[in-house]
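Descriptive structure summary
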Amino acid sequence: MKFRFFPALQREVSEIGLGTWQLGGTEWGDVPEKQALDTLAAAADAGVNFLDTADIYGLGRSETLIGQFLRSRPDRDRFVIATKFGRHPQPGWPENFTPQWVQRHTEDSLRRLGVDVIDLTQAHCLPIDALRASGTFDTLRQLKEQGKIRAFGASVESMDEALLCLEEEGIASLQIIFNIFRQKPIDALFEVAQAKAVALIIRLPLASGLLAGTLTRETVFPPNDHRSFNRDGQKFNVGETFAGLPFEKGLELAEKIRGWVPQGMTMAQMALRWCLDFQAVTTVIPGAKRPEQARANAIASELPPLSPLLHNRLGRFYESSVAAFIRGKY
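Let us look at the structure shown here. Since this is a predicted model, take the numbers as computed values, not measurements.

This next bit is on the overall build of the protein. The helix and strand tally for the protein stands at 13 helices and 10 strands. Computed over the C-alpha atoms, the radius of gyration of the protein is 18 Å, within 12% of the 20 Å expected from 2.2 N^0.38 for a compact globule of 330 residues. Here the C-alpha coordinates of the protein stretch approximately 50 × 40 × 40 Å along the principal axes. By residue count, 60% of the 330 residues in the protein fall in the buried class.

Taking burial as the measure, the five residues of strand 8 (residues 173-177) include five buried ones, the bulk of the element. Along strand 8, one buried face is formed by Ser173, Gln175 and Ile177 and the opposite face, lined by Leu174 and Ile176, is buried too. Strand direction decides the pairing type here: strand 7 (residues 149-155) and strand 8, joined by three bridges, are parallel. Each bridged residue has a counterpart across the sheet, and for Gly153 the counterpart in strand 8 is Ser173. As paired elements, strand 8 and strand 9 (residues 199-203) share five bridges and run parallel to each other. For Gln175, the partnering residue across the bridge sits in strand 9 and is Ile201.

On to unusual backbone geometry, then. Following Gln90, the chain continues into Pro91 via a peptide bond in cis, with omega recorded as 0°. Relative to the helices and strands, Pro91 resides in the loop between strand 5 (80-85) and helix 3 (99-113). Following Trp93, the chain continues into Pro94 via a peptide bond in cis, with omega recorded as 0°. Along the chain, Pro94 turns up in the loop between strand 5 and helix 3. Despite not being glycine, Ser134 shows a phi value in the positive range, around 70°. Within the secondary structure layout, Ser134 lies in the loop between helix 4 (128-133) and helix 5 (135-145). Residue classification places Ser134 among the buried positions, given a relative accessible area of 17%. Its identity is not glycine, yet Ser208 carries a phi of approximately 60°, on the positive side. For Ser208, the position within the fold is in the loop between strand 9 and helix 9 (226-229).

Conventions we followed
Along each chain, numbering runs from 1 in the same order as the chain's sequence is written. Residues qualify for local features only when their pLDDT is at least 70, as the model is predicted, and side-chain atom pairs are given and counted only at 80 or more; totals for whole chains, interfaces and linings, by contrast, use all residues. Remark: hydrogens and water are excluded; side-chain values derive from all non-hydrogen atoms of the structure. Secondary structure is summarised from DSSP: a helix means a run of H or I of at least four residues, a strand means a run of E of at least two, and numbering begins at the N terminus for each. C-alpha atoms define the radius of gyration in this analysis, and the globule rule sets the expected value at 2.2 Å times the number of residues to the power 0.38. Burial here depends on accessible area, computed with a 1.4 Å probe over protein chains only, as a share of the maximum for the residue type. Under 20% is buried, over 50% is exposed, and the range in between is partly exposed. For two strands to pair, DSSP has to find at least two bridges joining them.

Take it as geometry only, folks, not as evidence of what the structure does.
What follows is the structure in structure tokens.
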């Protein structure tokens with residue numbers, strides 16, 4: 001595993017982290033506790049030290065499992081823990097953005113994670129009016145002064161939201177959707193984020209599994225999997241599911257690039273390697289439900305960069321065949 005510098009934390013984080021939305025067990029199908037803990041252990045043993053979660057994932061289950069995992073590790077201090085707040089149903093919007101509830105949700109996350117201080121807390125895809133109001137970030141600055149968090153950032157759904165957050169004093173990171181099917185951040189965000197020394201955390205690098213190359217038209221998702229119940233944005237931003245592409249179109253596009261995968265890589269590893277080839281990227285956080293997935297994802301850090309020819313080809317492919325089909329905030 002290779003590492004990259006996270007400026008605000010003054011720490012090195014693994015190029016491949018672990019997103020733990022899956023471990024909540026409510027929006028990616030069921031994940032038994034032992035399987036979840038084994039997946040965390042497999043990622044850690046493969047060199048991963050950056051774990052991303054949120055209070056909404058399983059209504060705290062993901063955070064609780066990470067806390068249980070950390071207590072089992074003699075090397076727990078090597079892990080960087082990032083969580084998110086703002087989408088919990090209690091009390092819900094807009095009360096979630098008030099100082100009282102930002103503080104309360106932070107304290108709840110501290111308790112579930114079993115830590116004295118959260119390395120990074122992130123506003124979790126707040127509506128743009130709440131981001132413009134800036135009061136949430138004032139509260140985060142206060143939490144940092146109180147020593148409850150080390151740094152704060154924002155998980156966003158659009159480039160307009162990302163650029164707005166970059167105006168906030170002290171912002172440490174932005175978490176964005178970025179993958180072969182969703183390349184807008186390259187021109188819209190990367191240069192300005194680097195200039196401000198803001199870390200970029202990449203979510204959905206595999207476009208909800210499309211870029212793993214294992215899904216087919218016959219694939220059936222469980223009822224409690226967002227790839228079943230949110231295909232058209234019925235529950236939340238459609239961009240969080242298949243990167244905003246209609247499922248059938250995504251399958252078609254994935255099939256077109258299957259033959260471009262370099263020898264010695266899986267399709268998923270090519271997709272992860274593509275993200276890592278951009279210097280503005282700090283860490284990529286693919287999710288995993290099984291240990292073997294976490295181990296295979298971690299290998300991408302050790303693989304050679306993709307060729308300039310392949311990067312050019314994938315860039316042209318996005319412009320000509322993908323961009324017009326993306327739905328939702330972008």
